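Overview (structure and organization)
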Amino acid sequence: MGETDVRLDQVTKRFGDVLAVDDLTLQIDQGEFFSLLGPSGCGKTTTLRMIGGFEDPTAGVIHLGGKDVTNLPPYRRNVNTVFQSYALFPHLDVFENVAFGLRRHHVDRQEIKRRVGESLTLVDMPGLERRKPGQLSGGQQQRVALARALVNEPKLLLLDEPLGALDLKLRKQMQLELKRIQKDVGITFLYVTHDQEEAMTMSNRLAVMRHGKIEQIATPEEVYEHPATEFVAGFLGASNLLEGEVKSRHAGVADVVVEGGSTVTVPDASLNGSESRVKIGVRPEKIRLEEDEGEPPSGWNSVRGVLQIATFVGVSHQYTVDGPAGTTLTVYAQNLGSGANVAPGDRVRLLWRPEHTFVVRPSEPLAEWEEEQ
Amino acid sequence: MSIVATRDASLVEGWGGPKQTRKQRRLRRFVLPIYSALVILYLLTPIFIIVLYGFNQTSPKKVAFRWGGFTLRWYRKAFVLSGLTAAFKNSLMIAAISTIIATILGTLVALALFRYRYRGKGATEGILFANIAAPEIVLGASLLSLFVLFGVPRGIRTIIIAHVMFNIAYVAVTVRARMAGFDRAIEEAAQDLGANPLQTFIRVTLPLIFPGILAGALLAFALSIDDFIITNFVSGAVETFPIWVYGAV
Ligand SMILES: Nc1ncnc2c1ncn2[C@@H]1O[C@H](COP(=O)(O)OP(=O)(O)OP(=O)(O)O)[C@@H](O)[C@H]1O
Ligand SMILES: [Mg+2]
């Protein structure tokens, strides 16, 4: 741990006039489970393919384990890939599929037998060595693809949406198994997905990408609690955003006047720039909703609105509120048995702790083709 | 619940596809086999007849299209006519050589068409198609004028060149059909696992497209043995099997 395993330095990839990856810089540590997350077409696969050696970067340098591999072909890199289509060899049986990499490296017979057996056990697939890939279910093919890559004990395993073709239940199960396997073998995993929940549950750290650039690299919690950009805030879960102006900064906090007039307090650290117009945000589950009567409690941020819709979804109540300056705000309130005593049309206020406020850099709105997640 | 309990074969079958009436099922059981048998008969009859003639008792002077009784004497005299034997040997040799060359070149064309996007890809496909679609008389005549123009003496060599020419297209098309649906990621996976391009080709690509290559080669061999029109244009004094047979009838 701690040692850098993968380093991308200002890597750019163009296909004709399409800028697929734009000046990307990234470091992944030894033993990390690192995810690349982003909407369709943001350049995740291209990034992975450049690390695997299947695409040449237009510019930039790729290091693996401290060695510059930018110009090495795939078969000279100590990296293995689990392809989204699995790409098993249809003419070889399961055993030979898994043994393929070992045979190319002239591992001796006994050793091959032992290691293939071990890796098939690791992915929980013993006993099917003589089957052809065509005789396996999707989930089993997935496991063979994984075993085929892991048996070579690579420094780094690249996985491009490996669970994309599986149904939801199997997907959840494989997520847990992948995580277990990664812990067992201690190999660095670079995992590509456009499923934010998957990235959050599995990764040590993740990078959110858009338009070939990285918007934010951090732990899942950090990315969720303190999204750096408007895009990240919207891509990972729901969020409420308000525009405002910084009024004063003092003692680790800043006061921001949001549109509509209320003043909210935000942690000073989240204001990285010195600009005065900012967008602040808060997650729906961090908000407490109550009737707008009397003075709001001190030490809480508060904005006013009119309750539009109240829905009951079992574990929680969801409220949609017309907030200040034409905004629509969402509140999730855990169902603790005592719901707020409010009805649509009531004047309400939304309260949350200052430390739950984040400040984002504005992003251009989502294009239509990006929205499918 | 009762569905599970009474789940017998007929029920399960009934759920599989659209409902079939009893009449439709009977039609299926009888009409399809009969129809298939008729088609197979139609296809096999000419071959059967020619085999039958091999055992036909006739006078050696003329070709008789009438049954004269069973005999094995034609098989004893198979190699008596030296012209026929020589022509047959020529045909086999030409077919073997042109098949090998056309199979290699045609497979490479198919691989290139499958793998790369390049300028002239559309033109290559067009030429392959034109080669198959063009009347043989046109191909033969143009080849002959080409050989005459460049002063190439007609003979076995020009026949082989001609056969390779038309066979490349057939091999390329057959191999290409085999590659449709072939996942390019499979080749990448091989390289990812440490196989260099040559090993990737030998261990992965070749075994997968081999049925296509074999089919293409068999087709090429058959077309070469069989060809009369183009061969007749470019053969000079050399006789191949079809040319001898045509001359003998
Ligand atoms: N071989 C190629 N030729 C031309 N353009 C390409 C090629 N490969 C990718 N692109 C383009 O580069 C951009 C990034 O593609 P990439 O496949 O990396 O996206 P992705 O993030 O993996 O998307 P998805 O989630 O849909 O798989 C896209 O605009 C895509 O159209
Ligand atoms: Mg992709």
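Quick note: structure is the one above.
Scope of this entry: the structure provided in the associated data block.

Rules behind the numbers
Residues numbered from 1 in each chain as written. Chains lettered and ligands numbered in written order. Predicted model: local features only at pLDDT ≥ 70, side-chain atom pairs only at ≥ 80, totals over all residues. Heavy atoms only, no water. Near = heavy atom within 4 Å. Polar contact = N/O pair within 3.5 Å; in protein donor to acceptor, adjacent residues only side chain to side chain. Areas by Shrake-Rupley, 256 points an atom, 1.4 Å probe, with all protein chains shown as cover. Helix = DSSP H or I, 4+ residues; strand = E, 2+ residues; numbered from the N terminus. Nonpolar A, V, L, I, M, F, W, Y, C, P; charged D, E, K, R; others polar. Core = buried A, V, L, I, M, F, W, Y, C linked by side-chain atoms within 4.5 Å. Buried < 20%, exposed > 50% of the residue type's maximum accessible area, 1.4 Å probe, protein only. Contact = heavy atoms within 4.5 Å. Pairing = 2+ DSSP bridges. Buried area = accessible area lost by both parts, 1.4 Å probe. Salt bridge = Lys/Arg side-chain N within 4 Å of Asp/Glu carboxyl O. Axes fitted to C-alpha atoms, helices over the stretch in contact; angles between N-to-C directions.

**What about the site of ligand 1?**
All names here are of chain A. Close to ligand 1 lie F15, V18, A20, S40, G41, C42, G43, K44, T45, T46, E161 and H194. A distance of 2.5 Å is found between an oxygen atom of ligand 1 and a side-chain nitrogen or oxygen belonging to T46. Here an oxygen atom of ligand 1 and a side-chain polar atom of E161 are 3.5 Å apart. About the coverage of ligand 1: the protein hides 61% of its 640 Å² of free accessible area. Only β2 (18–29) and α1 (44–52) provide two or more residues apiece to the shell around ligand 1. Of all the elements, α1 adds the most residues to the shell around ligand 1, at three residues. Classifying every residue of the shell around ligand 1 gives four nonpolar, six polar and two charged.

**Focus: the nonpolar core**
If you look at soluble globular proteins, the nonpolar side chains tend to sit buried side by side. Residues and elements named next belong to chain A. Membership of the largest hydrophobic core comes to 36 residues, with the highest contact counts inside it found for L146 and L157. The leading source of residues in this core is helix α4 (residues 138–150), at six residues. In contact with L146, other than residues within four places in its own chain, are V82, V123, L157, L159, L178 and I181. Counting 24 residues, the second-largest nonpolar core is a separate cluster that includes L271, I280, V303 and V348.

**Brief notes about the sheet that holds β2(A)**
Residue and element names in this part refer to chain A. The strand order across the open sheet formed by four strands is β2-β1-β4-β5, and the pairing between neighbours is antiparallel. The outermost strands of the open sheet, each flanked by one partner alone, are β2 and β5 (67–68). As judged from the two bridges shared by strand β4 (residues 59–64) and β5, these two strands associate in the antiparallel manner. Residue pairing across strands places L64 opposite K67, the latter belonging to β5.

**Quick look at the interface of chain B and chain A**
On the side of chain A, 20 residues touch chain B, which itself brings 18 residues to the contact. Both sides together, the interface formed by chain B and chain A hides about 1700 Å², and carbon and sulfur atoms give 64% of it. The largest share of the area that chain B buries against chain A comes from B:E188, B:D192 and B:L193, three residues that together contribute 39% of it. A salt bridge links A:R49 to B:E188; its shortest N-O distance comes to 2.8 Å. Scanning the region where chain B abuts chain A turns up six residue pairs in polar contact (both at pLDDT 80 or more). For the side of chain B that touches chain A, the elements supplying multiple residues, two or more each, are α9 (184–192) and α10 (197–226) of chain B. Among the elements that take part in the side of chain B that touches chain A, α9(B) stands out by supplying seven residues, more than any other. The residue inventory of the side of chain B that touches chain A, partitioned by class, reads 10 nonpolar, four polar and four charged.

**Some thoughts on the sheet that holds strand β7 (residues 156–160) of chain A**
Residue and element names in this part refer to chain A. Taking strand neighbours across the sheet as the criterion, the six strands line up as β6-β7-β8-β3-β9-β10 in an open arrangement whose pairing is mixed. Of all strands in the sheet, those bounded by a partner on one side alone are β6 (79–82) and β10 (213–218). Shown here is a sheet whose adjacent strand axes are inclined to one another by a mean of 20°, direction ignored. Inspection of the sheet shows β6 paired to β7 by four bridges, in the parallel sense. Across the sheet, the residue bridging to V79 is L156, located in β7. Most of the contacts of α1 go to β7, to which it runs at about 150°, and overall it touches β3 (33–37), β7, β8 (188–193) and β9 (205–210). Contacting β6, β7 and β8, α4 crosses the sheet at an angle of about 175° to β6.

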